[in-house]
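Report on the structure
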Amino acid sequence: MSTNCVGTYEQYKERLLKMKPNVYLHGQKIDRSNGKQGAERDLADWIQGGTYVMKQCYDTANDPAYADVCLAESKIPGMEGKIVNRCTHIHGSKEDLLKKQLMTRLICHRVGGCMQRCMGSDALNALFSVTYDCDQACGTEYHSRLLKYIAYCQENDLVCNCAQTDVKGSRNPKYKRAHMQPDPDQFVHVVETNVDGVGIDGKPCKGIIVRGAKICNSNAPYVDEIIVNPTKFMSPDDSDYAVAFALPADWDGIKLMALPGQHHKRKHIDAPWAHIGDVESLTIFDDVFVPYERVFMCGRDNEGVCRYAGYLALMFAHYHRHSYTGCKTAVSEVIASQAALVADVNDIAKESHVRSKLCDIIQTAELVFAAGEASAHHAVEFPSGQWVPDE
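Residues numbered from 1 in each chain as written. Predicted model: local features only at pLDDT ≥ 70, side-chain atom pairs only at ≥ 80, totals over all residues. Heavy atoms only, no water.

**With respect to helix α1 (residues 9–17)**
Put simply, the test is: Summary of the burial criterion: residues with accessible area below 20% of their type's maximum are buried, those above 50% are exposed, and those between are partly exposed, where the area comes from a 1.4 Å probe applied to protein chains only. Put simply, DSSP marks the helices as runs of H or I at least four residues long and the strands as runs of E at least two long, and each gets a number from the N terminus on. It is the directions from the helix axis to the C-beta atoms that the arc portrays. Residues count as neighbours in contact if any of their non-hydrogen atoms are within 4.5 Å of one another.
Turning to α1, its buried residues are Y9, Y12, L16 and L17. Along the axis of α1, the buried residues cluster in a sector spanning 135°; they form a single face. At its buried positions, α1 is contacted by α2 (45–61).

Okay, here's the thing in structure tokens:
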């Protein structure tokens, strides 16, 4: 019988409660808890809108009725044959892409919006082929490091996000390249390499120092891991900015400037929508040590790596667009359902203009999903063995 590595919401919640305080909200540095102890200790109110969504991700993965779309058999070395959450899976076939699309649609139906684990999945998948191709061309060792990292995420069913969008600084055309910015910290970059530090396991190791910030970073305060990718193409002169890595969300030097998005609490009639939210973050890397085992791209160590920065940025966007074909379909269906209910309550459900508008929404939703299905059916197998959706 295959080993099941699918985690639970309770395990995820316990990990969050153990994290070090590195979230900044209302001028205070705080942790993820409500500040109470013992049986009353729980997650803070400002974070529960997002963790409610994560709960749906874990609950569907643990429901036998949804096993076909929410679970997958890992092919990662050390994890072969083990059953993992599809949110941590690397797409090994056209069927994997189709089931990812179905899983996204299913969970987005349950939360009426973004399932919030899509970023981590798409970041891992983007890194998979890019690191493989980079290693083949440049003689680097990023792919082998990534395989170990993916196995770690799969075995523990970790929630990851992707930090890609840099703050970017001046938009003046004369500063169009990252290295041209008057303030070098406007794009995340490498400050130093081959530095002594302490690894994820607490043991001494070598690594790099990074500095900068990523903006509009969804979910960062309530994920296990933050995966950092470049935001655009980098020239050889931008070698310090061609960097990708992954770290625990509460790692030393990471500061999360939080912006919670919450719905108003219901006073009389409760509704699931009132429990759903998210938290965006300005994620600051304040001279952060990154162990080499967690570095998946570093242009300063190898100049040839720079040309893979844009490839990685686009590959993440590519996978994320495919995820949208499940997400936006579901959101459109929720909106159409809400509109139909309102029309029915107001006794105008059979009016031609109402039916026409609802049909327009449904038609658009089905076309979007069909585009995702076509993309999966025409997917291409890359040299890494991974399947990439067609454009």
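**Describing the sheet that holds strand β7 (residues 204–214)**
Within a sheet, each strand pairs with its neighbour through backbone hydrogen bonds, oriented either parallel or antiparallel. Let me state the cut-off plainly: A pair of strands is labelled paired if DSSP reports no fewer than 2 bridges between them. Lines fitted to C-alpha atoms define the axes, with helix axes restricted to the stretch in contact, and inter-axis angles between N-to-C directions lie between 0 and 180 degrees.
In space, the six strands of this open sheet follow the order β2-β1-β10-β11-β7-β6, with mixed pairing throughout. The sheet is open, and its two edges are formed by β2 (28–30) and β6 (189–198), each paired on a single side. With direction set aside, neighbouring strand axes in the sheet form an average angle of 35°. Packing against the sheet, α2 makes contact with β1 (23–25), β2, β10 (254–262) and β11 (277–291), and its axis sits at approximately 95° to β11.

**Section: the pattern of salt bridges**
If the charged atoms of two oppositely charged side chains come close together, the side chains can form a pair. Spelled out, the test is: Criterion for a salt bridge: a side-chain nitrogen of Lys or Arg within 4 Å of a carboxyl oxygen of Asp or Glu.
In total, this model carries 18 salt bridges according to the counting rule given. Among the ionic pairs, D42 bridges to K13, the shortest N-O distance being 3.0 Å. With D42 in the loop between β2 and α2 and K13 in helix α1, this residue pair connects regions lying 29 residues apart in the sequence. Residue K99 is joined to E95 by a salt bridge in which the shortest nitrogen-to-oxygen separation is 3.3 Å. Within this pair, K99 and its partner E95 are both found in helix α4 (residues 94–111), separated by four residues, close to a single helical turn. Residue class for K99 comes out buried when judged on its relative accessible area of 15%.

That's the geometry; what it means functionally is another story.
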